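Remarks on the overall topology
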Amino acid sequence: MTVRVVLADDQPLVRAGLRVLMADDPDIDVVGEAGTGAEAVRLSREIAPDVVLMDLRMPGTDGIAATRAIVAAGGPTRVLVLTTFDNDEHVHAALRAGASGFLVKDMAVDEILAAIRVVAAGDALIAPGVTRRLIAEFARRPDPAPRHRDLPGVTDREREVLTLVGRGLSNAEIAAELVISVATAKAHVARLFTKLGARDRVQLAIAAYDAGLVSPAG
């Protein structure tokens, strides 16, 4: 199935470059471009893309506010942030706004394209380096949301899986680490979503930190 993508970045050259890179991928179709957050919200409402590849810094309505508006609308569109990660405060705000993934702009093209597919399929993805930075920052500036320190009802195996999610591993990498099938790893992650009331892997990573399973040092 083709993944329909909207590119949201205030720099036309960046959007043009991403469009060219994605043109060679038969599974990804760029269906729109937005130079502001307001345009990204409008396109999400009008054409309901699968994924908005969102820059955080844009004039007017920035990427954080746009992400919040897109998620609050309750539609099928998911937001994947592509950032230089030069402002942690913005990234944390976007986390709470409901972004489904975070990538840094110096990642390989293949990794960015793979992340778009992952997010479109309903999963969430964070670059491992970003995961470590987020956990470190949350350690310094705790979120006021309820914690899951005791992890009630979570099995020993699920704790192992949660630890690896907190380290930024994908389902395939978790399966390899624990010598289980990818399907089994995915099932464990799904149960963790339910048991911990987490929306995505971003929130699982923070829960792993809160429970002491991972440290800011990674």
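Residues numbered from 1 in each chain as written. Predicted model: local features only at pLDDT ≥ 70, side-chain atom pairs only at ≥ 80, totals over all residues. Heavy atoms only, no water.

**Details of the overall build of the protein chain**
When helices and strands are tallied, the protein chain shows 10 helices and 6 strands. Each of the 218 residues in the protein chain was classed as buried or not, and the buried ones make up 48%. Element-wise, carbon and sulfur atoms account for 54% of the exposed surface of the protein chain, whose accessible area totals about 10000 Å². (Helix = DSSP H or I, 4+ residues; strand = E, 2+ residues; numbered from the N terminus. Buried < 20%, exposed > 50% of the residue type's maximum accessible area, 1.4 Å probe, protein only. Areas by Shrake-Rupley, 256 points an atom, 1.4 Å probe, with all protein chains shown as cover.)

**Re the packing of helix α9 (residues 182–196) against helix α10 (residues 201–210)**
Look at α9 against α10: their axes get within 11 Å of each other, and the N-to-C directions meet at 70°. If you check the angle between α9 and α10, you find them roughly perpendicular. Packed against α9, whose contacting residues are Val189, Leu192, Phe193 and Leu196, the element α10 presents Arg201, Leu204 and Ala207 at the interface. By residue class, the composition of the contact of α9 with α10 is 6 nonpolar, no polar and 1 charged. (Axes fitted to C-alpha atoms, helices over the stretch in contact; angles between N-to-C directions. Parallel < 35°, antiparallel > 145°, perpendicular 65-115°, else oblique. Contact = heavy atoms within 4.5 Å. Nonpolar A, V, L, I, M, F, W, Y, C, P; charged D, E, K, R; others polar.)

**A short note on the pattern of salt bridges**
Applying the stated rule across the entire model yields 8 salt bridges. Within this structure, Arg15, Arg19 and Glu33 form a network of salt bridges that share partners. (Salt bridge = Lys/Arg side-chain N within 4 Å of Asp/Glu carboxyl O.)

**Description of the pairing of strand β1 (residues 3–8)**
The element β1 is extensively covered by neighbouring structure, given that 5 of its 6 residues are classed as buried. Chirality of the crossover, the property in question, places the unit of β1, helix α1 (residues 12–23) and strand β2 (residues 28–34) among those that are right-handed. As defined by bridge partners, β1 adjoins strand β3 (residues 51–54) across 4 bridges and the pair is classed as parallel. Along β3, the bridge assignment pairs alanine 8 with methionine 54. (Right-handed = clockwise from strand over helix to strand, strands pointing away. Pairing = 2+ DSSP bridges.)

**Description of helix α3 (residues 63–72)**
Buried within α3 we find Gly63, Ile64, Ala66, Thr67 and Ile70. For α3, the angular spread of the buried residues around the axis is 160°, confining them to a single face. Of the residues one or two after α3, glycine 74 is the one with positive phi, at around 75°. (Arc of directions from axis to C-beta.)

**A short note on the packing of helix α2 (residues 37–47) against α3**
In the contact formed by α2 and α3, the axes pass within 8 Å of each other and the chain directions differ by 15°. Here α3 runs roughly parallel to α2, going by the angle between their axes. As for the relative orientation of α2 and α3, their crossing is right-handed in sense. Residues Gly37, Ala40, Val41 and Ser44 of α2 form the contact with α3, whose own contacting residues are Ala66, Ala69 and Ile70. Residue classes in the contact of α2 with α3 are distributed as 5 nonpolar, 2 polar and no charged. (Left-handed = near helix turned anticlockwise from the far one by under 90°.)

**Focus: the pairing of β3**
Here β3 shows two buried faces, one formed by Val51 and Leu53 and the other by Val52 and Met54. By the bridge criterion, 4 bridges tie β3 to strand β4 (residues 78–83) in an arrangement that is parallel. What sits directly across from leucine 53, in β4, is leucine 80. Following the backbone out of β3, through α3 and into the adjacent parallel β4, one traces a crossover that is right-handed.

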